[in-house]
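# What the coordinates show
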Amino acid sequence: MHTCWTQGPSIGLAEILDAREQRVRIQQELLKENPSCVVSFTLNIAGPIKVTPFTQWLYALGNRLIHHGVLEQKGQILKKIEEKKDTGWEGFFALSLKPDTIKSYLLFQEENHPLGRLFDFDVLRPDGSKVSRQELGFSERTCLICGKPAFLCGRSRTHSAWELQKKTQEMMSHFYHSRMSVHIGTLMQKALLYEVNTSLKPGLVDRVHNGAHQDMCIDTFVTSAYALTPYFINCALAGLSFDSSQEELPTLFQQLRILGKQAEETMLNATHGINTHKGIIFSGGIFCAAVGYANAAFQTDLKAPNLPEVLSSICQSMVSELLEDYKDITHSTARTHGEKLYASYGITGIRGAAYKGFPHVLFSGYPQFQKAYKTTGSLTKAGLIALLYYIGNTEDTNLIIRSDYKTAARIQKSLSAFLNRSDYEEQLQILPALDEYFVSNNISPGGSADMLALTYFLSFLSQKDCWFES
């Protein structure tokens, strides 16, 4: 766990006692508004540090649970007061709901939410009395560590503040990482599904046709995308859990390589031996891990405008040793298609793109996609426009292998020149002719398709928050 998530100002007993008195004053103030009840929300955080990035996130989570409960019970928030001090963030709500109704909902959250033990929801009746757990059929709260009644452990000081603090941090960290990794991984799955459904893609599998491929179709890609989803989640979790400096990120990449080999087997088993997503296993795994690490190590908001810059830096650090494999390659030792292209032309393909921090995606393709989406209002059109950019401007080894170096260079030069002088409508209009040429010549720009998937992934990250509530 990165310490930046658990650091904050330390407070003393006098400040805690003052905060309790202030809490009572606010509760009395809200009761004067004549609501049906008042909800007082605090967090159960052991130790002298009450406010950290983790507890601020936890407070926001509990706050949303209250809002959802009021909405679910068809009530209204008549007045709300928040206290955000070093002694802990607190929320107070004057509601139009019956005390027992909202208390039952909040007790359910305390008992069933993975972090419910850290929430403290008090509900006051109009006369100031509290609705107890017992009168609604709920038992006393249990200890975080041993599961015995909490008041017994507290009275006898069975567990130290350090033990309770450590347990609390572990709970928050585990829950946050598990939910965030699923969020990141499933957005990559969504990106793969959007990529294969984007039509008409020159020479590539989509909803219209199988392109220049005889052994695969859209169903093959959908099956593969679902099969690879646990892999992307695990890559994101590896990044979120990597508690080391950026200089040590090559170690994280070694973990990804192991996961990637397993993912390739999973893919081939799901597709009966067809290689649908080998390229995106590499680049998509790096992106998921980089996003996870950015969020955990730097508290980077996944919707932050500077996310591309942060990801590029992380990717470069992660794969800083990646091209070492190419140093000793010669024409006589080259075995794979990629090695032969490097030996003949110095082409590093997707490895080189990763080594440089994916500049074509993060600083060119994605911004162009955003601009096209804003102009056209269509994800599909924006995706096709971005795809044309990638075909015309990146080292797509699939394009070269499925044609030859000179043919690929000629295609890219001609396409790049066309893109520079044409508008979006003209670019979309050339797709059928380009597709016909690619299909008739058995050309498939698979590397560019992977770049498109990464572009969709970045777009989805910027649009959708992680769902932590349930």
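Relevant structure appears above.
Summarised in this report is the structure supplied together with it. (Residues numbered from 1 in each chain as written. Predicted model: local features only at pLDDT ≥ 70, side-chain atom pairs only at ≥ 80, totals over all residues. Heavy atoms only, no water.)

## A look at the layout of surface pockets
Approximately 1400 Å³ is the volume found for the second largest pocket. Together, 41 residues line the second largest pocket, and Arg 20, Leu 43, Asn 44, Ile 45 and Lys 50 are the ones closest to its centre. Those elements that place two or more of their residues in the lining of the second largest pocket are helix H1 (13–31), strand S1 (37–43), strand S3 (88–95), helix H3 (99–112), strand S4 (119–124), helix H4 (150–156) and helix H5 (161–197). If you tally residues by element for the lining of the second largest pocket, the top one is H1, at 5 residues. (1 Å grid on protein atoms, 1.4 Å probe; cavity = no way out; pocket = protein on both sides within 12 Å on 5 of 7 lines; lining within 4 Å. Points joined across faces, edges and corners; volume = space filled by probe spheres on them. Helix = DSSP H or I, 4+ residues; strand = E, 2+ residues; numbered from the N terminus.)

## Looking at the packing of aromatic side chains
Per the stated rule, a full pass over the model turns up 28 aromatic pairs. Ring centres of Phe 369 and Tyr 456 lie 5.7 Å apart, and the angle between their planes is 85°; on these two criteria the pair is classed as edge-to-face. Here Tyr 456 lies in helix H18 (residues 446–463) and Phe 369 lies in helix H12 (residues 359–376), a separation of 87 residues in the sequence. Tyr 456 carries the same exposure label as Phe 369, and that label is buried. (Phe/Tyr/Trp six-rings, centres within 6.5 Å; stacked < 30°, edge-to-face > 60°. Buried < 20%, exposed > 50% of the residue type's maximum accessible area, 1.4 Å probe, protein only.)

## Examining the sheet that holds S4
With antiparallel pairing, 4 strands are arranged side by side in an open sheet as S2-S3-S1-S4. The open sheet has two edge strands, strand S2 (77–85) and S4, and neither has a second partner. This sheet shows a mean twist of 15° between the axes of neighbouring strands, independent of strand direction. Across 8 bridges, S2 lies against S3 in antiparallel orientation. Bridge pairing in S3 places Lys 79 opposite Ala 94. (Pairing = 2+ DSSP bridges. Axes fitted to C-alpha atoms, helices over the stretch in contact; angles between N-to-C directions.)

## A word on unusual backbone geometry
Along the chain, Ser 199 connects to Leu 200 via a cis peptide bond; the corresponding omega equals 10°. Its location among the elements puts Leu 200 in the loop between H5 and helix H6 (218–241). Look at Asn 34: it is not a glycine, yet its phi comes out positive at around 60°. With respect to the element layout, Asn 34 can be found in the loop between H1 and S1. A positive phi angle, near 55°, is found at Gln 299, a position not held by glycine. For Gln 299, a relative accessible area of 35% gives the class partly exposed.

## Remarks on the pairing of S3
Burial analysis of S3 places 8 of its 8 residues in the buried class, the great majority of the element. Residues Gly 88, Glu 90, Phe 92 and Ala 94 of S3 are buried on one face, and the alternating residues Trp 89, Gly 91, Phe 93 and Leu 95, pointing to the opposite face, are buried as well. Relative to S3, S1 runs antiparallel, the two sharing 5 bridges. Following the sheet pairing, Phe 41 is matched in S3 by Gly 91. Here S2 hands over to S3 after 2 residues, the two strands then running antiparallel side by side.

## A closer look at the environment of Leu 115
You can see Leu 115 is positioned in the loop between H3 and S4. Among the residues examined, Leu 115 registers a relative accessible area of 0% and is labelled buried. Between the C-alpha atoms of Leu 115 and Tyr 176, which are 61 residues apart in sequence, the distance is 9.9 Å. Residues in contact with Leu 115, not counting those within four places in the same chain, are Trp 57, Leu 58, Leu 61, Met 171, Met 172 and Phe 175. (Contact = heavy atoms within 4.5 Å.)

## Overview of H12
Here H12 is 18 residues long and its end C-alpha atoms lie 24 Å apart, about the 26 Å a rise of 1.5 Å per residue gives. Largest kink in H12: about 35°, centred on Gly 365, with the proline Pro 367 one to four residues after it. Just beyond H12, the residue with positive phi is Gly 377, at close to 70°. (Expected span 1.5 Å × (residues − 1). Bend = angle between axes of the 7 residues up to and from the residue.)

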